Amino acid sequence: MDKSKEADKKIVSIWTDLVESGDKLKKKRFEKDRKDIMRFYAGDHSFIYDEAESAGWAKTDSWAQMTVNLTFEMIEVFGPILYQNNPIRTITTRGKDPVKHALSRVMESYLNYTPNEMGLKIEAREAINDALISGLGILWTSYDRDTGLIGSTFESVDNMIFDPDAKRFRDMWWVARRRIEPVWVVERLFPKTSKGLKGNKTSYLGKSINSGDKHTTKSVSQDLVVFYEVYSKMGIGTRYKDAPDDMEEISDEDDNVHIVFAPGHDRPLAVEDWPAPLFLDGKWFHTPLYFHSHPSELYPIAPLKPALGEQKAIDFLATFMLAKSKNASRDIIGIDPSVDENVINQISSGRDLEVVSLTKRDVSPANRAFSAASRASRDPVRSNPGC
């Protein structure tokens, strides 16, 4: 194997390790809270009763298991308040040069056209919802291959991996974005370097970093491949502390490098300049939205995390109140044994309107029974001994 191929494999290996480290940190400090909140937000809360039963302090077989979904209500109340209309962008020129003035008008028209064309309002709403649920929402700015426009779209935090050494977003040295595409799309994007790349059904990807993700273990309609876009401010990876010694021979003069790779593939799909030099302003291609930063960690605190205990308490209290109301609402009616059994069955059948056939022998005891039933309907806790 020649040196260039060996170097390519090492670059893929280095960034696979780095992305895996970032992914582990995210799962440890962020994913658990996000999944817990999502369980409360997106479904019923029966799991808290199963956990209570497993803990041995409650048996839930006879419980109504109420769900009072305040988590969903909170997001639906605060989300619309935070939603914004599309921005109106204004560009002004310095001086009176007519050419620059005309160019500014063209640029202004373009910048006010793209939010509507790219659906920025919808994308921003999804990012806001994600920020309320998980604590972090992401908008990704890039070139859209379908429209040929540059715009911002929602990107799930699941697909974002950050430098695990950073304590603040401004201190990161690299950012990675996970992408999932059909093999033929990747081959079209990277025709020279994708040779031999396989879909997730048969490739190394099934055992890769995200093996728990449904896209990496099974696809329904076509072969999918998971790959990563890395935006690095630390070169191509030779500065990684665990990089092999012979990596020093690889030219690594540029700090800002865009690296695209698929775990298990024998070479990077691309090693090139950033699509736009955002690093000049200390910016990235993603825009984070969060409300509560952590004083000593990169990932922010989810707004709902401190309230999960209260959410559980409200669910349990609603369940206890319903169970108490049910147990305290029994009707006991005493009936003379001489009343015909068929009449008793008709009285206790529970229908709102009941026509009962009575003999003369049943009239007097039945009258007393009806009187007791009437009193019970007015006072459901009353015990009626009958005659």
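Residues numbered from 1 in each chain as written. Predicted model: local features only at pLDDT ≥ 70, side-chain atom pairs only at ≥ 80, totals over all residues. Heavy atoms only, no water.

What to know about the overall build of the protein
Cut-off, in case you're wondering: Under the DSSP-based scheme used, a helix requires at least four consecutive residues in state H or I and a strand at least two consecutive residues in state E, with every element numbered from the N terminus. Note on classification: 1.4 Å probe, protein chains only; a residue is buried when its accessible area is under 20% of the maximum for its type, exposed when over 50%, partly exposed between these limits. Every residue pair with non-hydrogen atoms within 4.5 Å of one another is taken to be in contact. Exposure was quantified through the Shrake-Rupley algorithm and a 1.4 Å probe, taking into account, for residues, occlusion by the shown protein chains and nothing else.
Within the protein, the secondary structure is distributed over 10 helices and 10 strands. A buried classification covers 39% of the 387 residues belonging to the protein. By sequence separation, contacts in the protein at least 24 residues apart represent 66% of the contacts at least 6 residues apart. With an accessible surface of roughly 23,200 Å², the protein has 52% of that area assigned to carbon and sulfur atoms.

So, helix 5 (residues 120-134)
Test applied: The span expected for a helix works out to 1.5 Å for each residue beyond the first.
The terminal C-alpha atoms of helix 5, which comprises 15 residues, lie 21 Å apart, in line with the 21 Å expected from a rise of 1.5 Å per residue. In this structure, the buried side of helix 5 is in contact with helix 1 (3-42), helix 3 (70-82), helix 4 (98-117), strand 1 (137-143), strand 2 (150-155) and strand 8 (286-289). One or two positions beyond helix 5, positive phi appears at Gly135, with a value near 100 degrees.

Comments concerning the packing of helix 1 against helix 3
Packed helices, taken two at a time, are described by their axes: the angle between them and the distance between them. Rule in force here: Only C-alpha atoms enter the line fits that serve as axes; for helices the fit covers just the stretch in contact. Angles between N-to-C directions range over 0 to 180 degrees. Any angle that falls under 35 degrees is termed roughly parallel, while one over 145 is termed roughly antiparallel, one within 65 to 115 roughly perpendicular, and all others oblique. In this count, Pro and Cys sit with the nonpolar residues alongside Ala, Val, Leu, Ile, Met, Phe, Trp and Tyr, while Asp, Glu, Lys and Arg are called charged and the others, Gly among them, polar.
At a minimum axis separation of 7 Å, helix 1 and helix 3 run at an interaxial angle of 90 degrees. Relative to helix 3, the element helix 1 lies roughly perpendicular. Touching Ile37, Phe40 and Tyr41 of helix 1 are Thr71, Phe72, Ile75 and Glu76, all from helix 3. Class assignment of the residues belonging to the contact of helix 1 with helix 3 gives a composition of five nonpolar, one polar and one charged.

Points about a negative patch on the surface
The condition is simple: Patch rule: a residue counts if its relative accessible area is over 30% and it has no salt bridge; like charges are joined within 9 Å, and nonpolar side chains (Val, Leu, Ile, Met, Phe, Trp, Tyr) within 5 Å. Throughout this description, the term salt bridge denotes a Lys or Arg side-chain nitrogen within 4 Å of a carboxyl oxygen of Asp or Glu. In this tally Asp and Glu are treated as negative and Lys and Arg as positive; neither His nor the chain ends contributes. The location of each charge is read from NZ of Lys, CZ of Arg, CG of Asp or CD of Glu.
A contiguous patch of negative charge on the surface is contributed by Glu253, Asp254, Glu272 and Asp273. Within the fold, Glu253 resides in the loop between strand 5 (224-232) and strand 6 (257-261).

Regarding the environment of Arg239
Following the sequence through the fold, Arg239 ends up in the loop between strand 5 and strand 6. Arg239 sits 13 residues away from Asp252 along the chain, and the two C-alpha atoms are 8.7 Å apart. When neighbours within four sequence positions are excluded, Arg239 is seen to be in contact with Lys233, Met234, Asp252, Glu253, Asp254 and Asp255.

A closer look at the packing of aromatic side chains
Test applied: By convention, a stacked pair of Phe, Tyr or Trp rings (six-membered ring in the case of Trp) has centres within 6.5 Å and planes under 30 degrees apart, an edge-to-face pair has planes over 60 apart, and any other such pair is tilted. Criterion for a charge above a ring: Lys NZ or Arg CZ within 6 Å of the ring centre, and within 35 degrees of the ring normal.
As enumerated under the stated definition, the model contains 16 aromatic pairs in all. Ring plane angle 25 degrees and centroid distance 6.3 Å describe the contact between Trp140 and Phe285, whose orientation is recorded as stacked. You can see Trp140 sitting in strand 1 and its partner Phe285 sitting in the loop between strand 7 (270-272) and strand 8, a full 145 residues away along the chain. Of the residues examined, Trp140 reaches a relative accessible area of 2% and is grouped as buried. In this structure Phe285 comes out as buried when scored by relative accessible area, which is 8%. With a centroid separation of 5.5 Å and 20 degrees between ring planes, the pair formed by Tyr228 and Phe261 is classed as stacked. Of this pair, Tyr228 sits in strand 5 while Phe261 sits in strand 6, and the two are 33 residues apart along the sequence. Considered together, Tyr228 and Phe261 belong to a single accessibility category, that of buried residues. One cation-aromatic arrangement involves Lys233 over Trp284; the distance from NZ or CZ to the ring centre is 4.3 Å.

Concerning the packing of helix 1 against helix 8 (residues 308-327)
Rules: Whether a crossing is left-handed or right-handed is set by the direction in which the near helix is turned from the far one by less than a right angle, anticlockwise for left-handed and clockwise for right-handed.
The contact between helix 1 and helix 8 brings their axes to 11 Å, and the two run at 35 degrees. Helix 8 is crossed by helix 1, and the crossing has left-handed handedness. Across the interface between the two elements, Asp36, Ile37 and Phe40 from helix 1 touch Leu308, Gln311, Lys312 and Asp315 from helix 8. Tallied by class, the residues present in the contact of helix 1 with helix 8 amount to three nonpolar, one polar and three charged.

Thoughts on the sheet that holds strand 2
Strand pairing in a sheet is mediated by backbone hydrogen bonds. Such pairs are either parallel or antiparallel. The line we're drawing: Two strands pair if DSSP finds at least two bridges between them.
If you trace the three strands from one edge of the open sheet to the other, you get 2-1-8, paired in antiparallel fashion. Strands at the two margins of the open sheet, each flanked by one partner only, are strand 2 and strand 8. Taken pair by pair, the neighbouring strands of this sheet meet at an average axis angle of 25 degrees, ignoring direction. Judged from the six bridges that link them, strand 1 and strand 2 form a sheet pairing that is antiparallel. The residue bridging Leu139 from the neighbouring strand is Phe154, located in strand 2.

Notes on the sheet that holds strand 5
Strand order in the open sheet formed by five strands is 3-4-5-6-7, and the pairing between neighbours is antiparallel. Of all the strands in the sheet, just strand 3 (160-162) and strand 7 have a single pairing partner and so form its edges. In this sheet, neighbouring strand axes are inclined to one another by 15 degrees on average, regardless of whether the strands run parallel or antiparallel. Of the strand pairs in this sheet, strand 3 and strand 4 (residues 174-182) are connected by three bridges, and their pairing is antiparallel. When the bridges of strand 4 are listed, Met160 appears paired with Arg177. The strands that helix 1 touches are strand 3, strand 4, strand 5 and strand 6; relative to strand 3, the one it contacts most, it runs at about 95 degrees.

Observations concerning the nonpolar core
For soluble globular proteins, nonpolar side chains are generally found buried alongside one another. Threshold: The definition of a nonpolar core used throughout is a set of buried Ala, Val, Leu, Ile, Met, Phe, Trp, Tyr and Cys residues joined through side-chain atoms within 4.5 Å.
With 18 residues, the main nonpolar core has Trp15, Leu18, Val19, Trp174, Val230 and Phe261 as its most contacted residues. Broken down by secondary-structure element, the contributors of at least two residues to this core are helix 1, strand 4, strand 5 and strand 6. If you tally residues by element for this core, the top one is helix 1, at six residues. Not counting residues up to four positions away in its chain, the partners in contact with Phe261 are Val12, Trp15, Thr16, Val19, Phe227, Tyr228, Val230, Pro268 and Leu269.

Things to note about the layout of surface pockets
What counts, and what does not: Only protein atoms enter the 1 Å grid, on which a cavity is a set of points fitting a 1.4 Å probe that cannot get out and a pocket is an open set with protein on both sides within 12 Å along at least 5 of 7 lines, lining residues being those with an atom within 4 Å of a point. Grid points are joined across faces, edges and corners, and a volume is the space filled by probe spheres set on the points.
Here the largest pocket is characterised by a volume of approximately 830 Å³. The wall of the largest pocket is formed by 29 residues, among which Ser142, Tyr143, Arg177, Arg179 and Glu229 lie closest to the centre. Elements that contribute at least two residues to the lining of the largest pocket include exactly strand 1, strand 2, strand 4, strand 5 and strand 6. Examining the composition of the lining of the largest pocket, we find that five residues originate from one element, strand 4, more than from any other. Of the residues contributing to the lining of the largest pocket, the split by class is 13 nonpolar, six polar and 10 charged.

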